Amino acid sequence: MKKSILITGTSSGMGKAYTIIFSQNGYQVFATYRKDKDATELKKIKNVYPIKMDVINSGDIKNAFRRMSDILGNDGLYAIINNAGITYTAPFEFADEKRAREVMEVNAMAPYKITQTFIPLLKKHNSSNNTKARVINIASWAGYLGQPFIPFYNASKTAIIGLTESMFYDLGLLDIHVVLASPGITKTPLLEKTTEDGVANLQGFTKEGQEFYKPYFDHYKTMSESSRNSKFFLTSEKVATKLFKIVEMSKPKFKYNLAMDAVIVDKLLTKFIPFSWRVAMNKRKFKLNK
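Let me begin by describing the structure that accompanies this report. (Residues numbered from 1 in each chain as written. Predicted model: local features only at pLDDT ≥ 70, side-chain atom pairs only at ≥ 80, totals over all residues. Heavy atoms only, no water.)

1. Description of the pairing of strand S2 (residues 28–33)
Alright, step 1. Counting buried positions along S2 gives six out of six residues, so the element sits mostly inside the fold.
Alright, step 2. Pairing of strand S1 (residues 4–7) with S2 involves four bridges; the strand directions are parallel. By the bridge assignment for S2, Ile5 is matched with Val29.
Alright, step 3. Handedness of the crossover joining S1 and S2 through helix H1 (residues 13–24): right-handed.
Alright, step 4. Where S2 meets strand S3 (residues 48–52), five bridges bridge the pair, whose relative direction is parallel. Each residue of the ladder has a partner; that of Thr32, found in S3, is Ile51.
Alright, step 5. Read from S2 through helix H2 (residues 36–43) to S3, the crossover connection turns out right-handed. (Buried < 20%, exposed > 50% of the residue type's maximum accessible area, 1.4 Å probe, protein only. Helix = DSSP H or I, 4+ residues; strand = E, 2+ residues; numbered from the N terminus. Pairing = 2+ DSSP bridges. Right-handed = clockwise from strand over helix to strand, strands pointing away.)

2. Section: the nonpolar core
Taken as a class, soluble globular proteins show a tendency for nonpolar side chains to be buried jointly.
Alright, step 1. Core analysis: the biggest nonpolar cluster contains 32 residues, and Ile5, Tyr18, Phe22, Ile81, Leu243 and Val247 have the highest contact counts within it.
Alright, step 2. If we skip the residues at most four places from it in the chain, Leu243 touches Tyr18, Phe22, Ile81, Ile136, Ile138, Ala181 and Leu258.
Alright, step 3. Residues Leu6, Ile51, Met68 and Leu72 belong to the second largest nonpolar core, which totals 25 residues. (Core = buried A, V, L, I, M, F, W, Y, C linked by side-chain atoms within 4.5 Å. Contact = heavy atoms within 4.5 Å.)

3. Let's talk about the pairing of S1
Successive residues of a regular strand alternate their side chains across the two faces of the sheet.
Alright, step 1. The alternating pattern of S1 places Ser4 and Leu6 and Ile5 and Ile7 on opposite faces, both of which are buried.
Alright, step 2. Bridge analysis of S1 against strand S4 (residues 79–82) gives three bridges, and the strand direction is parallel. What sits directly across from Ile5, in S4, is Ala79.

4. Some remarks on the packing of helix H4 (residues 97–126) against helix H5 (residues 151–172)
Alright, step 1. Contact pair H4 / H5: the axes reach a minimum separation of 8 Å and the direction vectors enclose 15°. One element, H4, and the other, H5, form an angle in the roughly parallel class. Two packed elements cross with a definite hand, and for H4 against H5 that hand is right-handed. Between H4, through Ala100, Val103, Met104, Asn107, Ala108, Pro111, Tyr112, Thr115 and Ile119, and H5, the contact on the second element is made entirely by Phe152, Tyr153, Ala155, Ser156, Lys157, Ala159, Ile160, Leu163, Met167 and Leu171.
Alright, step 2. Residues that form the contact of H4 with H5 fall into these classes: 15 nonpolar, three polar and one charged. (Axes fitted to C-alpha atoms, helices over the stretch in contact; angles between N-to-C directions. Parallel < 35°, antiparallel > 145°, perpendicular 65-115°, else oblique. Left-handed = near helix turned anticlockwise from the far one by under 90°. Nonpolar A, V, L, I, M, F, W, Y, C, P; charged D, E, K, R; others polar.)

5. Digging into the pattern of salt bridges
It is possible for side chains bearing opposite charge to pair when their charged atoms get close.
Alright, step 1. In this structure the tally under the stated criterion is eight salt bridges.
Alright, step 2. Between Lys44 and Glu41 there is a salt bridge, and its shortest N-O distance comes to 3.2 Å.
Alright, step 3. By relative accessible area, Lys44 is classed as exposed at 61%.
Alright, step 4. The salt bridge partner of Lys271 is Asp266, with a shortest N-O separation of 3.3 Å. (Salt bridge = Lys/Arg side-chain N within 4 Å of Asp/Glu carboxyl O.)

Shown next as structure tokens:
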């Protein structure tokens, strides 16, 4: 039986890398997209079935479930990777409520709604297989360590960490493995969008706000460019290779840090470094000291 997997947010970055590696290894990949042009690209990949889904649209999620149920029949669904995510960069003073809510919906609420909807297909897989179904939620060390100017990205990733741990127990009762995976800072379009978004958002501030925050955002952009060229951070392809091995495990652990920066934040900074030291570190890193 060919294993089937649902991956959200596959148009670019890590989602596309996940789609490619699973399809190359014989998986039947249901890859979600929002824009029609992305479907055209996904159709070119062998073993990939593009699924139109805005992850915060209940109608899209239900339609995807019905379509996949027809295709999968009695085989069911082996795995879900809740990868879709967005960022929003703005100082708390000027944060827009609509965009803040959108970040929370996409990054934290969508994994809940999608997983809950597809539980029947995961259970159907379990009914005829010894290797049980699994759900992988993509987190971030931003859920463990707060940083300036991304308050709702931090909040959404903290939320997905807590949600995933609770899911671990509840879905465990159904013999469904739940995994929390933190890729760390990865060289993807999302990295650039974070800083570009911040610079663009300056235009919506008051004149005084623009003058006050511009130096910080200029530095933020410089940091992003340095990260993009750093050998320390992984490419999406390398992260995808690590995640593939986890999904293949018969009994995966609950949590995996997929890159060294994720390990450092999770195992060192948040456990052994005093909060005052972390504050000093962030103020120096982001040049917040006046």
